[in-house]
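Chain by chain, the residues:
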Amino acid sequence: MPEGHSVRRLAQQFGDVFTGEPLSVSSPQGRFAAGAALLDGQVLTDSRAHGKHLFLHFDHAVVLHVHLGLYGAWDFGGDATFRGASSIGAPRKIGENELFEDPDAVGYAGPPEPKGAVRVRLVSRHGWADLRGATTCAAITEAEARAVLARLGPDPLRNLREDKARFVTGVLSRKTPIAALLMDQKVIAGVGNVYRAEVLFRQRLNPWLPGNGLAAGAAGLLWDDTAAVMADGVRDGRIITTPAAYWEEGAVLPSGDEAHYVYKREGLPCRVCAAPVAMTELVGRKLYWCPACQE
């Protein structure tokens, strides 16, 4: 599932290529036909992300709300003035294989025939975006968008003035294991399985430590580190949580094997202490940790 840094990049993408443009909106698949009719011909005024939720605001106070879920994906294409990405969303090549120039841009004459089950297609003068497989794709009012936001926890990528304190209070008030709290979007919005495993390792926190067993200062540091590595993800287009000391000498960015401390490294030696990395399931997702470093 795309994590918060990818949805933030996606919001930036829409802002860059569609804001201020009247858009032709359709639903080739047909499942979003009524919503598409509400949005068709309107001007996109803003593109915002909060956690894993994308909100595209139009000039008549209707919002396209998208949550990609496990299988959703956006594809982009267009002319030489349109900077699209090959695939933002699932499959898990999010940020790994982004392209910023369409090799077929010369002679662009409009979007291609839809491929697969395209839930919604947005088209401007210079390019297009297709959505497939999203968990949520809905045309909602501004009030309904605010209601969605009210149900979500603070987003480390927004990192507003009260967000850190809100996170700390939310964690310290619960007996739930900290590894489960990090996946609870009402506690912190945007963290997924990779960031969960990596920030807990970076902070040397036992995944089963209850939230109310964490010191306030430690909870604050956990927020700060999460905000920092997610901001790096927005910049780099991928999740990198290890420093250059763990990369191949001279590398500007790490290979996939070098980018993480514990995620998907079960049975391999911990990069810090050499103990085998462990894996189990928690709240329906695989959890990776080092039993020695995270006692």
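Residues numbered from 1 in each chain as written. Predicted model: local features only at pLDDT ≥ 70, side-chain atom pairs only at ≥ 80, totals over all residues. Heavy atoms only, no water.

Considering the overall build of the chain
Moving on, step 1. Looking only at helices and strands, one finds seven helices and eleven strands in the chain.
Moving on, step 2. Taking the principal axes of the C-alpha coordinates as reference, the chain spans close to 60 × 45 × 30 Å.
Moving on, step 3. Within the chain, buried positions represent 52% of all 295 residues.
Moving on, step 4. Restricting the contact set of the chain to residue pairs at least 6 apart, pairs at least 24 apart contribute 61%.
Moving on, step 5. Summing over all exposed atoms, the chain offers an accessible surface of approximately 13,200 Å²; the carbon and sulfur share of this is 53%. (Helix = DSSP H or I, 4+ residues; strand = E, 2+ residues; numbered from the N terminus. Buried < 20%, exposed > 50% of the residue type's maximum accessible area, 1.4 Å probe, protein only. Contact = heavy atoms within 4.5 Å. Areas by Shrake-Rupley, 256 points an atom, 1.4 Å probe, with all protein chains shown as cover.)

A look at the packing of helix H6 (residues 193-202) against helix H7 (residues 216-236)
Two numbers describe a pair of packed helices, the interaxial angle and the distance between the axes.
Moving on, step 1. Taken N-terminus to C-terminus, the directions of H6 and H7 make an angle of 130°; their axes are 10 Å apart at the nearest point. If you check the angle between H6 and H7, you find them oblique. H6 and H7 meet at a crossing whose hand is right-handed. Residue-level inspection shows Tyr195, Val199 and Arg202 of H6 in contact with H7, the latter providing Leu222, Asp225, Thr226, Val229, Met230 and Gly233.
Moving on, step 2. Per-class residue counts for the contact of H6 with H7 are five nonpolar, two polar and two charged. (Axes fitted to C-alpha atoms, helices over the stretch in contact; angles between N-to-C directions. Parallel < 35°, antiparallel > 145°, perpendicular 65-115°, else oblique. Left-handed = near helix turned anticlockwise from the far one by under 90°. Nonpolar A, V, L, I, M, F, W, Y, C, P; charged D, E, K, R; others polar.)

Focus on the sheet that holds strand S2 (residues 44-50)
Strands pair in a sheet through their backbones, by hydrogen bonds, and they do so in one of two ways: parallel or antiparallel.
Moving on, step 1. Reading across the sheet, the four strands line up as S2-S3-S4-S9 and stay open at both edges, with antiparallel pairing between neighbours. Edge positions in the sheet fall to S2 and strand S9 (136-141), since each has one partner strand and no second. Going across the sheet, the axis of each strand differs from the next one's by a mean of 20°, ignoring polarity.
Moving on, step 2. In this sheet, S9 lies alongside strand S4 (residues 62-67) in antiparallel orientation, the contact comprising six bridges. Among the inter-strand pairings, His67 is bridged to a residue of S9, identified as Thr136.
Moving on, step 3. Helix H1 (residues 4-18) contacts S2 and strand S3 (53-58) of the sheet and is inclined by roughly 170° relative to S2.
Moving on, step 4. Along the sheet, helix H3 (residues 142-150) makes contact with S2, S3, S4 and S9, crossing S9 at roughly 125°. (Pairing = 2+ DSSP bridges.)

Topic: the packing of aromatic side chains
Moving on, step 1. Taken as a whole and judged by the stated rule, the model has nine aromatic pairs.
Moving on, step 2. Seen in terms of ring centroids, Phe14 and Phe18 are 5.7 Å apart; in terms of plane orientation they differ by 35°. Their pairing is tilted. One end of the pair is Phe14 and the other is Phe18, both in helix H1 and four residues apart, which spans about a single turn.
Moving on, step 3. Look at Phe14 and you get buried, because its relative accessible area is 0%.
Moving on, step 4. Here the aromatic residues Phe14, Phe18, Trp74 and Phe76 are joined through ring pairs into a cluster of three or more.
Moving on, step 5. In this structure, Arg121 packs its charged tip against the face of Trp128, placed 5.6 Å from the ring centre. (Phe/Tyr/Trp six-rings, centres within 6.5 Å; stacked < 30°, edge-to-face > 60°. Lys NZ or Arg CZ within 6 Å of the ring centre and 35° of its normal.)

Quick word on the confidence of the model for the chain
Moving on, step 1. For the chain, mean pLDDT is 90; residues scoring 70 or higher make up 92% of the total.
Moving on, step 2. Contacts of residues 84-100 to residues separated by more than four positions or lying in other chains number 46 contacts, the stretch itself having pLDDT below 50. (pLDDT = per-residue confidence, 0-100.)

A short note on the pairing of strand S10 (residues 278-282)
Moving on, step 1. The pairing of S10 with strand S11 (residues 285-289) spans five bridges and is classified as antiparallel. Bridge pairing in S11 places Thr280 opposite Leu287.
Moving on, step 2. Linking S10 back to S11 in an antiparallel pair, the connection comprises two residues, with Val283 at a positive phi of about 45°.

A closer look at the environment of Gly220
Moving on, step 1. For Gly220, the position within the fold is in helix H7.
Moving on, step 2. A relative accessible area of 5% means that Gly220 is categorised as buried.
Moving on, step 3. As a C-alpha pair, Gly220 and Val171 span 49 residues in sequence and 10.0 Å in three-dimensional space.
Moving on, step 4. Discounting residues that sit within four places of it in the chain, Gly220 has contacts with Lys164 and Val168.

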